[in-house]
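Geometric and topological summary
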Amino acid sequence: EKVLPCDLCLLSMGYKGPASGLYEMEEDARGNFMAQWGDFSTSVEKVFAAGDCRRGQSTVVWAISEGRQCAREVDRYLMGSTSL
């Protein structure tokens, strides 16, 4: 185990598997991370979730769409506004 201090960490993966237990985030009935639709925030402050880890396995089109929307909301969270 190694701890790397950082200001921002982005995990990009096709499913939740490796992230299980990484955070104490609320999960839905199917075991996906619960995140608010629209701002993609989770039950852990400053942690956002989108795509397969939020919806479950789906199409790449949904994952790309949610990734873009989530990036916009992270930008808004960090900068106070967004142009994305």
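Before reading further, recall that the structure is shown in the block above.
We now turn to the structure provided with this report. All of these numbers come straight from a predicted model, not from anything done at the bench. (Residues numbered from 1 in each chain as written. Predicted model: local features only at pLDDT ≥ 70, side-chain atom pairs only at ≥ 80, totals over all residues. Heavy atoms only, no water.)

1. Details of the environment of Phe33
For Phe33, the location among the structural elements is in the segment before helix H1 (52-55). Here Phe33 falls in the buried class, since its relative accessible area comes to 6%. Separated by 22 residues in sequence, Phe33 and Arg55 place their C-alpha atoms 8.1 Å apart. (Helix = DSSP H or I, 4+ residues; strand = E, 2+ residues; numbered from the N terminus. Buried < 20%, exposed > 50% of the residue type's maximum accessible area, 1.4 Å probe, protein only.)

2. Regarding the environment of Ser12
Relative to the elements of secondary structure, Ser12 occurs in the segment before H1. Along the primary structure Ser12 and Gly51 are separated by 39 residues, whereas in three dimensions their C-alpha atoms are 9.6 Å apart.

3. Some points on the pattern of salt bridges
All chains considered together, the criterion is met by 4 salt bridges. Glu73 serves as the salt-bridge partner of Arg72, at 3.3 Å between the closest nitrogen and oxygen. Residue classification places Glu73 among the buried positions, given a relative accessible area of 11%. Among the charged side chains, a network of salt bridges with common partners joins Arg54, Arg55 and Glu66. (Salt bridge = Lys/Arg side-chain N within 4 Å of Asp/Glu carboxyl O.)

4. Topic: the packing of aromatic side chains
Summed over the entire model, instances satisfying the criterion amount to 2 aromatic pairs. Ring geometry for Trp37 against Phe40: centres 5.3 Å apart, planes inclined by 70 degrees, an arrangement best described as edge-to-face. Here the aromatic rings of Phe48 and Tyr77 are separated by 5.5 Å at their centres, their planes lie at 70 degrees, and the arrangement is edge-to-face. Taken together, the residues span a long stretch of sequence, with Phe48 in the segment before H1 and Tyr77 in helix H2 (residues 60-79) at a distance of 29 residues. When the ring centre of Trp62 is taken as reference, the NZ or CZ atom of Arg55 above it lies at 3.9 Å. (Phe/Tyr/Trp six-rings, centres within 6.5 Å; stacked < 30°, edge-to-face > 60°. Lys NZ or Arg CZ within 6 Å of the ring centre and 35° of its normal.)

5. As for the side chain of Gln69
Looking at the secondary structure, you find Gln69 in helix H2. Of the residues examined, Gln69 reaches a relative accessible area of 18% and is grouped as buried. Look past the residues within four positions of Gln69 in its chain and what remains in contact with it is Trp37 and Phe40. (Contact = heavy atoms within 4.5 Å.)

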